[in-house]
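Residues per chain are reported as follows:
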Amino acid sequence: MFGLETLSGPAQAAATVGVVFLQALALYVGYGALTRYAGPTVLDALGGE
Amino acid sequence: MEILGMSVLLVGVFVGFGLLIGTLFGFFGMGGSFLVTPALLVLGYPSTVAVGSGLAFVFGTSVIGALRHRDHGQVDYKLAVIMTAAMTIGIEAGKSVVFFLDATGQADLVINVAYVGLLAAVGLFTLRDAWTDDGGDGDAGVPLADRVQSIHIPPMVSFRGGVRVSGAIVFAVGLVIGVLSGFLGVGGGFLLMPAMMYGLGVPAAIAVGTDILQITISGAFGAFTYAESGSVALPVVGFLLLGSALGARIGAGATNLVDEDEIKGYFAAMLLAGSVAVASNKLGTVYGIDALNALSTALIFGAAFLVSAAIVLAAVCRLRDDRTGRWCRLTTS
């Protein structure tokens, strides 16, 4: 999957950990933007205001 | 319709499950591989792929959790470095104990009994502390930390939250947790968090944030080891992360809203359910009783669902400043 299996053991492992790390960073940034945009509205709604 | 070789239903299950685990992880700093690996085993993945994918998922979630806690100023890097160094040495020592026991043929029995006993002991200790706090004296966990902080073995190290402890003692605590982690084959989050809170007197939120940073490092190493043999299912990890990234934000945000004493009660409930689940699973396997294995699965997933729901409910109650409503009263320890 993702072409990583064509790499050798350590390279495949490093690429796998790298893909997970990059996805985590992308999700952190993406959800961060979403939270800044929609967060106050959601918190106000949950807080009953 | 399929996405990356998986049905839409399965993708939904993974994203939803990730959301639940992320909430627990962001809140407690533990619970990742503890829940993901059994879930993947139940879904029929080979054990090496279940463990490898579980570790890769824990790594990804803890990256997000650590960044989130850093934003809240809840990570102590000095403490994390000392703990990681000490635990790395300790884990190697713990593995040697396992190999020795393996040679005597006693490894399985001793490890399982120790795991169940340790989960139950930490759970009961935490539960007693939470209940004592509710009883009104408010500082049941302080005496041990006070005694530890009064020992002046140089070098003395200062941590966030105004904590000043002997560096030698911090290293020794990390070493012991490392030995237990290597011995039990677990990440050690369920031991590290209470050790920092009760043993060293680190505030709960900083203990969780620092714990998550340590898990990030050990998770990366574990995922790398399994990925070398291709034992990480990236699509599974990806969909789980999609849910857990949001859950980790919810969980980490909730630590700023929910009181420390309430955190302790939830943490204890998770550990006690885990203890009974592991014991039930082992007994079910040894005696071939399927009902016990089913009970174990139900306990793990039921506790995870209920506790994460309680965290979200408690956070909403604090947002509404409601402590007396019927549902809100249920969320206090």
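Residues numbered from 1 in each chain as written. Chains lettered and ligands numbered in written order. Predicted model: local features only at pLDDT ≥ 70, side-chain atom pairs only at ≥ 80, totals over all residues.

(A) Just the overall build of chain B, in detail. In terms of helices and strands, chain B carries 13 helices and four strands. Per-residue burial for chain B yields a buried fraction of 50% across its 333 residues. Across chain B, contacts joining residues at least 24 apart in sequence account for 76% of those joining residues at least 6 apart. (Helix = DSSP H or I, 4+ residues; strand = E, 2+ residues; numbered from the N terminus. Buried ≥ 20, exposed ≤ 12 C-beta atoms within 10 Å, placed from the backbone. Contact = placed C-beta atoms within 7 Å.)

(B) Summary view of the overall build of chain A. From N to C terminus, chain A includes one helix and zero strands. Burial statistics for chain A: of 49 residues in total, 14% are counted as buried.

(C) Structural view of helix 9 (residues 204-227) of chain B. End to end, helix 9 of chain B covers 33 Å across 24 residues, agreeing with the expected 34 Å (1.5 Å per residue, within 8%). For helix 9 of chain B, the buried fraction is high: 21 of the 24 residues fall into the buried class. (Expected span 1.5 Å × (residues − 1).)

(D) View of the environment of valine 81 of chain B. Mapped onto the fold, valine 81 of chain B is located in helix 4 (residues 77-104). Among the residues examined, valine 81 of chain B registers 14 C-beta atoms within 10 Å and is labelled partly exposed.

(E) Spatial organisation of the nonpolar core. Residue and element names in this part refer to chain B. Core analysis: the largest hydrophobic core is formed by 105 residues, its most contacted members being Ala56, Phe59, Ala223, Val237, Leu240 and Ile311. When residues of this core are assigned to their parent elements, the largest contribution, 13 residues, is made by helix 9. Setting aside residues up to four positions removed in sequence, leucine 240 forms contacts with Phe14, Phe17, Gly18, Val36 and Phe57. (Core = buried A, V, L, I, M, F, W, Y, C linked by C-beta atoms within 7 Å.)

(F) Here's a closer look at the pairing of strand 4 (residues 163-166) of chain B. Residues and elements named next belong to chain B. Here four bridges tie strand 3 (residues 156-159) to strand 4, and the two strands are oriented antiparallel to one another. Bridge pairing in strand 4 links valine 157 to valine 165. Between the antiparallel neighbours strand 3 and strand 4 lie three residues, among them glycine 161 with a positive phi of about 85°. (Pairing = 2+ DSSP bridges.)

(G) Expanded view of the confidence of the model for chain B. All names here are of chain B. Predicted confidence across chain B gives a mean pLDDT of 80, with 90% of residues reaching 70 or more. This model gives residues 135-141 a pLDDT under 50, and the stretch forms eight contacts once residues within four places in sequence are excluded. Across the whole predicted complex the pTM is 0.75, and at the interface the ipTM reaches 0.87. (pLDDT = per-residue confidence, 0-100.)

(H) A look at unusual backbone geometry. Cis peptide bonds are those with omega within 30 degrees of zero, and the linkage from proline 154 of chain B to proline 155 of chain B qualifies with 0°. With respect to the secondary-structure elements, proline 155 of chain B resides in the loop between helix 6 (142-149) and strand 3.

(I) Highlighting the interface of chain A and chain B. Each partner contributes residues to the interface: chain A has 22 residues there, and chain B has 25 residues. Counted by class, the side of chain A that touches chain B contains 14 nonpolar, seven polar and one charged residues. (Nonpolar A, V, L, I, M, F, W, Y, C, P; charged D, E, K, R; others polar.)

(J) Just the packing of helix 7 (residues 167-184) of chain B against helix 8 (residues 189-199) of chain B, in detail. Residue and element names in this part refer to chain B. Packing of helix 7 against helix 8 leaves a shortest axis separation of 10 Å and a crossing angle of 155°. In terms of orientation, helix 7 lies roughly antiparallel with respect to helix 8. Where helix 7 crosses over helix 8, the handedness of that crossing is right-handed. Along the contact surface, helix 7 presents Val173, Ile177 and Leu180, while helix 8 presents Leu191, Leu192, Ala195 and Gly199. (Axes fitted to C-alpha atoms, helices over the stretch in contact; angles between N-to-C directions. Parallel < 35°, antiparallel > 145°, perpendicular 65-115°, else oblique. Left-handed = near helix turned anticlockwise from the far one by under 90°.)

(K) Geometry of the packing of helix 3 (residues 47-71) of chain B against helix 10 (residues 234-255) of chain B. Residues and elements named next belong to chain B. Interaxial distance between helix 3 and helix 10 falls to 9 Å at its minimum, and their mutual angle equals 30°. With respect to their mutual orientation, helix 3 and helix 10 come out roughly parallel. Crossing of helix 3 against helix 10: the hand is right-handed. Along the contact surface, helix 3 presents Ser53, Ala56, Phe57, Gly60, Thr61, Ile64, Gly65, Arg68 and His69, while helix 10 presents Val236, Val237, Leu240, Leu241, Ser244, Ala245, Ala248, Arg249 and Ala252. Of the residues belonging to the contact of helix 3 with helix 10, the class tally is 10 nonpolar, six polar and two charged.

(L) Just the environment of leucine 40 of chain B, in detail. Residue and element names in this part refer to chain B. Position of leucine 40 among the secondary structure elements: in helix 2 (residues 32-42). Along the primary structure leucine 40 and serine 53 are separated by 13 residues, whereas in three dimensions their C-alpha atoms are 8.6 Å apart. When sequence neighbours within four positions are dropped, the list of residues in contact with leucine 40 reads Tyr45, Ala50, Ser53 and Gly54.

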